[in-house]
Amino acid sequence: MTPDTELSVSGPQRLWDLLDDSETLTVVCHDNPDPDCLASAVGLGTIAAAAGIDERHILYSGEISHQQNRALVNLLDIELEPFRIDMVRNRPPDGLLALVDHSIAGENNRIPSDTDIDIVIDHHPVEDISARFVDSQETVGATATILTEYVRALPMEPSPRVATALLFAIRRETLDFLRGVTSREYEAAAYLHEYCEMGLVRQLSNPAVSSATVDTISHAIENRRVTGSVLISQVGRTSERDALPQAADYLMNLEGIETAIVFGLVENTIQISARSTDSRVHMGAVLHDAFDDVGSAGGHREMAGGTVGLGIFSGYTTDDKQLMGIVDQVISARLRKALNIDDET
């Protein structure tokens, strides 16, 4: 395939040259990877294979718990390996270490913070990224869009498996082209449509939902508190971390709601997921301001998330109901302060 002259080849060509000079590639997904991260890792691995790298690894930490994530891995036979510190610390001199859909060693991943990174491809708003090759585009709707443009610009074609993964990731990240979408997502989707298996895309879009996910969404509905156009809810303890963004997405459908934030206890952490269509609100900045001193939080204007360690909370009580009562008060107060909400109605 001749590279598409309508696309800028400077970034893709620089990546190709870097891969062409290397023997191995290790791609590290962020913790609890979503479709955008998983598909982008597969896309980068495919480019590396075309450039002549035979030894490729995709590492992940946390869980593949969302039903769509599990379906993506299983149906497309994505080869994932649990994160191993030696694979990033002891890689050969000509081995590359890459991050996709995240940018910083030690943030939302288990990589030691002093580790040198070779490749970063991301669409999240992050400053001070350090790597040999960096492509961080906050304005694009999905990291998978960037990888699709690379595949399109380079002398290669995507397999049906890779095209299906990338197209599904773009659709999922943009809520079927309704959230954070740009013209580049449409162009990428049109290109991938020629190669993908649409039957698999439909199957991935409608996987079976676990009872635990339904319960979590039910708790979010039951515990919702609304102030103006802002909805805040807690779900208690849940084993389904990925049910939190699903609950936030669902609650955004309520009439009059422009901002929805859902949080709950997942193992020894407080997980937070937020959505907003209010042009006055940047959810990534809101969560960062609210929890940067006690955890890790941030994201885009329309969608964001965060993790807060239980810390001193865990010393108060071993009863989840009492613990959640304390957590609810503190987390809600921080959110209300960051959102400049004074009175609850």
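Structure: above.
Residues numbered from 1 in each chain as written. Predicted model: local features only at pLDDT ≥ 70, side-chain atom pairs only at ≥ 80, totals over all residues. Heavy atoms only, no water.

Visitor: An account of the nonpolar core is requested, with residue identities and associated values reported.
Guide: Within the largest apolar cluster, 56 residues are counted, with the highest numbers of intra-cluster contacts made by Leu19, Leu25, Leu44, Ile47, Ile119 and Ile121. Residue contacts for Leu19: discarding those within four places in its chain leaves Ile47, Ala48, Ala51, Ile53, Leu96 and Ile119. Counting 26 residues, the second-largest nonpolar core is a separate cluster that includes Phe263, Val281, Val286 and Ala297. (Core = buried A, V, L, I, M, F, W, Y, C linked by side-chain atoms within 4.5 Å. Buried < 20%, exposed > 50% of the residue type's maximum accessible area, 1.4 Å probe, protein only. Contact = heavy atoms within 4.5 Å.)

Visitor: Lay out the pairing of strand S1 (residues 24-28) with the relevant residues and their values.
Guide: Along a regular strand, successive side chains alternate from one face of the sheet to the other. In terms of burial, S1 is a largely internal element, five of the five residues being buried. Two strands pair when backbone bridges link them, and S1 and strand S2 (residues 55-60) are joined in this way by five bridges, in the parallel orientation. Bridge pairing in S2 links Leu25 to Arg56. Between S1 and its parallel partner S2, the chain crosses via helix H2 (residues 35-50), and the hand of that crossover is right-handed. Note: S1 against strand S4 (residues 95-100), five bridges, orientation parallel. Its bridge partner lying in S4, Thr26 is registered against Leu97. (Helix = DSSP H or I, 4+ residues; strand = E, 2+ residues; numbered from the N terminus. Pairing = 2+ DSSP bridges. Right-handed = clockwise from strand over helix to strand, strands pointing away.)

Visitor: I'd like to hear about the environment of Val330, residue by residue, with values.
Guide: You can see Val330 is positioned in helix H12 (residues 320-338). Linking Val330 and Asn108, residues 222 residues apart in sequence, is a C-alpha distance of 23 Å.

Visitor: So, the pattern of salt bridges: which residues are in play, and what are the values?
Guide: For the coordinates displayed, the defined rule picks out 13 salt bridges. Across the pair Arg89 and Asp114 runs a salt bridge, and its minimum N-O distance is 2.9 Å. Here Arg89 is found in helix H4 (residues 85-89), whereas its partner Asp114 is found in the loop between S4 and strand S5 (119-122), with 25 residues between them in sequence. One salt bridge in this structure joins Arg237 and Asp320, with 2.7 Å as the shortest N-O distance. (Salt bridge = Lys/Arg side-chain N within 4 Å of Asp/Glu carboxyl O.)

Visitor: How would you sum up a negative patch on the surface? Please name residues and give values.
Guide: Side chains of Glu23, Asp54, Glu55 and Asp94 sit close together on the surface and give a patch of like negative charge. Tracing the backbone through its elements, the reader meets Glu55 in strand S2. Note on Glu55: relative accessible area 42%, which makes it partly exposed. (Patch = residues over 30% accessible without salt bridge, like charges linked within 9 Å, V, L, I, M, F, W, Y side chains within 5 Å. Areas by Shrake-Rupley, 256 points an atom, 1.4 Å probe, with all protein chains shown as cover. Lys, Arg positive; Asp, Glu negative; His and termini not counted. Charge placed at Lys NZ, Arg CZ, Asp CG, Glu CD.)

Visitor: I'd like a description of the packing of helix H1 (residues 10-20) against H2, backed by residues and values.
Guide: Look at H1 against H2: their axes get within 9 Å of each other, and the N-to-C directions meet at 65°. The two elements H1 and H2 cross, and the hand of that crossing is right-handed. Listed contacts from H2 to Leu15, Trp16 and Leu19 of H1 are Leu44, Ile47, Ala48 and Ala50. Across the contact of H1 with H2, the residue classes tally to seven nonpolar, no polar and no charged. (Axes fitted to C-alpha atoms, helices over the stretch in contact; angles between N-to-C directions. Left-handed = near helix turned anticlockwise from the far one by under 90°. Nonpolar A, V, L, I, M, F, W, Y, C, P; charged D, E, K, R; others polar.)

Visitor: How would you sum up the packing of aromatic side chains? Please name residues and give values.
Guide: Inspection of every chain in the model, using the stated rule, returns three aromatic pairs. For the ring pair Phe133 and Tyr150, a centre distance of 6.4 Å and an interplane angle of 75° mean the geometry is edge-to-face. You can see Phe133 sitting in strand S6 (residues 133-136) and its partner Tyr150 sitting in helix H5 (residues 143-153), a full 17 residues away along the chain. As far as the burial class goes, Phe133 and Tyr150 line up, both buried. An angle of 20° between the planes, with centres 5.2 Å apart, marks the rings of Phe177 and Tyr186 as stacked. Note on Tyr186: relative accessible area 46%, which makes it partly exposed. (Phe/Tyr/Trp six-rings, centres within 6.5 Å; stacked < 30°, edge-to-face > 60°.)

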